[in-house]
Amino acid sequence: MKIVFCHCSIYNPGGMERVLQNKVKWLASHGHEVMVVTTDQDRRPPFYEFPEGVRLLDLGINYSADNGKPLYRKVVAFLRKRRLHRRRLSDLLKMERPDITVSLYPSESSFIPDINDGSKKVLELHFNRFFRLQYGRNGIIGWIDRFRSQRDVAIARRFDSFVVLTDEDRSYWGDMDNISVIPNAAMPLADVCSDCSAKRVIAVGRLDYQKRFDRLIRIWNLVMQDSSLGDWHLDIFGQGEWNEHLNDMINKYGLTESVTIHAPVKNIGYEYASSSILVMTSAYEGFPMVMVEAMSLGLPVVSYDFKCGPRDIIKNGENGILVNGSDEQKFAKELALLMSDEHNRMKMGMNARDVKNWLSEDVIMDIWMKLFHNLKERRI
C-alpha cells in the first residue's frame, strides 16, 4: 500500500512528530511505501530519524514565515500561499497516485478532499474539537476563532475518514458517519522503568500557552512551602516562546534550586525512568503522548482533567491523580501527598505500566491497517 502523510514540518521535537515517525517506521517495516510531505520544513533536518527508504519532501510553502505580521498582511499572504500549496500538492499526488493520503491538519484540510488523484483522504486530528477556542480571545481574532471552529465540522465531514484520539473528543463532534477513534500507541522509549524512589518530578512539553507551565511553577511554589519536601526537584523539558517568562517566574519565586528548565532531549525515556512522578497542567490536548510514554515506564501522573485525554487514560487513585478544574491549591495538595507517600507512588507506578498493553503499537497499528484496507476496498 502506498501512503502519503501531510504535515507542516518535522523539525520540532513535538508529540505529533514523534507519533508520525513511529507510525511511518512501523508501516515501512511492514512493506508499505510511505512518503511524508511538509510545507514548512525549510531545509531543516528532522528532529526524529525517519527510516531509510521513506521519502521526505517539502513543498516550500512556509506559512510560518508570516507569523508576526499585521493581520491583514498575514491573511493576504496566507491566501496566496494556500493557492500555491494546493497547486503543488495536487501535482504531487496526481503524479504519485497513493492509495491513502493522510492530513495531520490543518493547512491542507480545506482543499485536500477535492484533489482527484484516486487516493482515499483521511483527516487525523491531534488536537481536540475545541482547540481553536482555548485562548478565549476577543474582538476580530476571537470571531475568527469561533468561525473556524464551526467550519472544522464541515471540513471533517468531507473526508473519507476522520480520526480522533479519544472517545471524549468523539462525543464533541456530533453525529458523523465517517468518524473513528484511534488513540496513539504507548511506545517503549527506554529499556528500564522507574521504581518511583527518586525525589524528582518531571514535566515535558512545548513552553507555550497550551502546556501552561506557568501554573506548574506556581503549584511547585506551593509544594515547596512544606520543608519536608525540600529535597525534591522539578525538571521541565521543552522549548518555546515562554522560556524567558518561565525562567523569570522561577527566579521571582526563589525556586532556582528546585526547578530546572532543560532543552528537549532525544532519549527522554531515560529521563522518565529516573523520575518518580509526571505532572501535566495543560490547558488542552488531543491525546497526551507524554502521559502514556511516562506511564509505560512506570510513572504515576498528577494531571488536570483537561480536554482531552486524561479521563480516557488515568484511573483516578489507581495509576494517577486527576484534579478537576484548574485549582492550583488542590493540585499542589495532591502532588505533595504523592511525593510524601513512596509506597503509594510505587503502587500507582506499577499500575501505570499497564498502559503499554492496551495501547501497544501492534494493537494500535492493527486498527489503522483495518481502516486503510477498508478505505482502499471502498467499504467506507
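Scroll up to find the structure this text is about.
Okay, so let's go over this structure. (Residues numbered from 1 in each chain as written. Predicted model: local features only at pLDDT ≥ 70, side-chain atom pairs only at ≥ 80, totals over all residues. Heavy atoms only, no water.)

1. Focus: the nonpolar core
As a rule of thumb, nonpolar side chains are buried together in soluble globular proteins. Stated precisely, the cut-off is as follows: In these notes, a set of buried Ala, Val, Leu, Ile, Met, Phe, Trp, Tyr and Cys residues joined through side-chain atoms within 4.5 Å is what counts as a nonpolar core. Three exposure classes are used, based on accessible area relative to the maximum for each residue type with a 1.4 Å probe and protein chains only: buried under 20%, partly exposed in between, and exposed over 50%. Every helix listed is a DSSP run of H or I at least four residues long, and every strand listed is a run of E at least two residues long, numbered separately from the N terminus. Only heavy atoms matter for contacts: two residues are in contact if any of them lie within 4.5 Å across the pair.
Grouped together as the largest cluster of nonpolar side chains are 90 residues, with contacts concentrated most on W220, Y272, L278, V279, L335 and M339. Counting residues per element, this core draws most heavily on helix α13 (residues 361-376), at seven residues. Look past the residues within four positions of V279 in its chain and what remains in contact with it is V201, I202, A203, L216, L234, V302, F331 and L335. One finds L84, I112, F162 and V164 within the second-largest nonpolar core, a separate group that totals 30 residues.

2. Quick word on the sheet that holds strand β1 (residues 2-7)
Whether parallel or antiparallel, the strands of a sheet pair through hydrogen bonds between backbone atoms. Threshold: For two strands to be treated as a pair, DSSP must find no fewer than two bridges joining them. For helices, the fitted line uses only the C-alpha atoms of the stretch in contact; every axis is such a line through C-alpha atoms, and the angle between N-to-C directions lies from 0 to 180 degrees.
Strand order in this open sheet of seven strands is β3-β2-β1-β4-β5-β6-β7, and the pairing throughout is parallel. In the strand order of this sheet, the two ends are held by β3 (55-58) and β7 (179-181), each with one partner. Here the average twist between neighbouring strands, direction ignored, is 20 degrees. Strand direction decides the pairing type here: strand β4 (residues 100-103) and strand β5 (residues 120-124), joined by four bridges, are parallel. Paired with V102 across the two strands is V122, which belongs to β5. Packed onto the sheet, helix α2 (residues 71-96) meets β1, β2 (33-38), β3 and β4 and runs at close to 170 degrees relative to β2. Across the sheet, α13 is in contact with β1, β4, β5 and β6 (161-164); its angle to β5 comes to roughly 150 degrees.

3. Comments concerning the sheet that holds strand β12 (residues 301-304)
Read from one edge of the open sheet, six strands run β10-β9-β8-β11-β12-β13, paired in parallel fashion. Of all strands in the sheet, those with a lone pairing partner are β10 (259-262) and β13 (320-323), marking the two edges. Taken over all neighbouring pairs, the strand axes of this sheet differ in orientation by 20 degrees on average, direction set aside. When strand β11 (residues 277-280) meets β12, the two strands line up parallel, connected through three bridges. The residue bridging M280 from the neighbouring strand is S303, located in β12.

4. Observations regarding the packing of helix α5 (residues 213-223) against helix α10 (residues 328-340)
Going by this rule: Put simply, angles under 35 degrees are roughly parallel, angles over 145 are roughly antiparallel, angles from 65 to 115 are roughly perpendicular, and the rest are oblique. With the far helix as reference, a near helix turned anticlockwise by less than a right angle produces a left-handed crossing, and one turned clockwise produces a right-handed crossing. In this count, Pro and Cys sit with the nonpolar residues alongside Ala, Val, Leu, Ile, Met, Phe, Trp and Tyr, while Asp, Glu, Lys and Arg are called charged and the others, Gly among them, polar.
Here α5 crosses α10 at 60 degrees, and the two axes come no closer than 9 Å. Between α5 and α10, the interaxial angle falls into the category oblique. For the crossing formed where α5 meets α10, the hand is right-handed. In contact with R215, R218, I219, W220, L222 and V223 of α5, α10 contributes E328, Q329, F331, A332, L335, A336 and M339. For the contact of α5 with α10, the residue count by class is nine nonpolar, one polar and three charged.

5. Here we look at the state of the cysteines
Joining two cysteines, a disulfide is a covalent bond between their sulfur atoms. Cut-off, in case you're wondering: Any cysteine sulfur atom paired with another within 2.5 Å is treated as part of a disulfide.
Enumeration over the complete set of coordinates arrives at zero disulfides. Counting only cysteine sulfurs, C6 is the nearest neighbor of C8, a cysteine outside any disulfide, at a range of 11 Å. In this model C196 remains outside any disulfide bridge; the closest cysteine sulfur is found in C193, 9.5 Å from its own. Accessibility expressed as a relative area gives 2% for C196, which makes it buried.

6. Thoughts on the layout of surface pockets
Unoccupied space between atoms shows up once a probe the size of one water molecule is rolled over them. Defined as follows: Here a cavity denotes grid points, spaced 1 Å and computed from the protein atoms alone, that fit a 1.4 Å probe unable to get out, and a pocket denotes an open set having protein on both sides within 12 Å along at least 5 of 7 lines; residues with an atom within 4 Å of a point are the lining. Grid points are joined across faces, edges and corners, and a volume is the space filled by probe spheres set on the points.
In this structure, the second largest pocket encloses a volume near 280 Å³. Considering the residues around the second largest pocket, the lining is formed by 15 residues, among which R18, Q21, N22, K25 and L189 are closest to the centre. Elements that contribute at least two residues to the lining of the second largest pocket include exactly α1 (15-29) and α7 (268-273). Top element by residues in the lining of the second largest pocket is α1. It accounts for four residues. Residues belonging to the lining of the second largest pocket are distributed by class as follows: six nonpolar, four polar and five charged.

7. A closer look at α10
Basically, it comes down to this: Residue count minus one, scaled by 1.5 Å, sets the expected span of a helix. Any pair of nitrogen or oxygen atoms within 3.5 Å is treated as a polar contact; in protein, a donor-acceptor pairing is required on top of that, and neighbouring residues in sequence qualify only through side-chain atoms on both sides.
For α10, built from 13 residues, the straight-helix expectation of 18 Å at 1.5 Å per residue is met to within 8% by its first-to-last C-alpha distance of 18 Å. Taken together, the buried positions of α10 are E328, F331, A332, E334, L335, A336, L338 and M339. The inward-facing, buried residues of α10 abut β8 (200-204), α5, β11, β12, β13 and α11 (342-352). Backbone nitrogen of Q329 and a side-chain oxygen of the N-cap are separated by 3.0 Å at the start of α10; the cap is D327.

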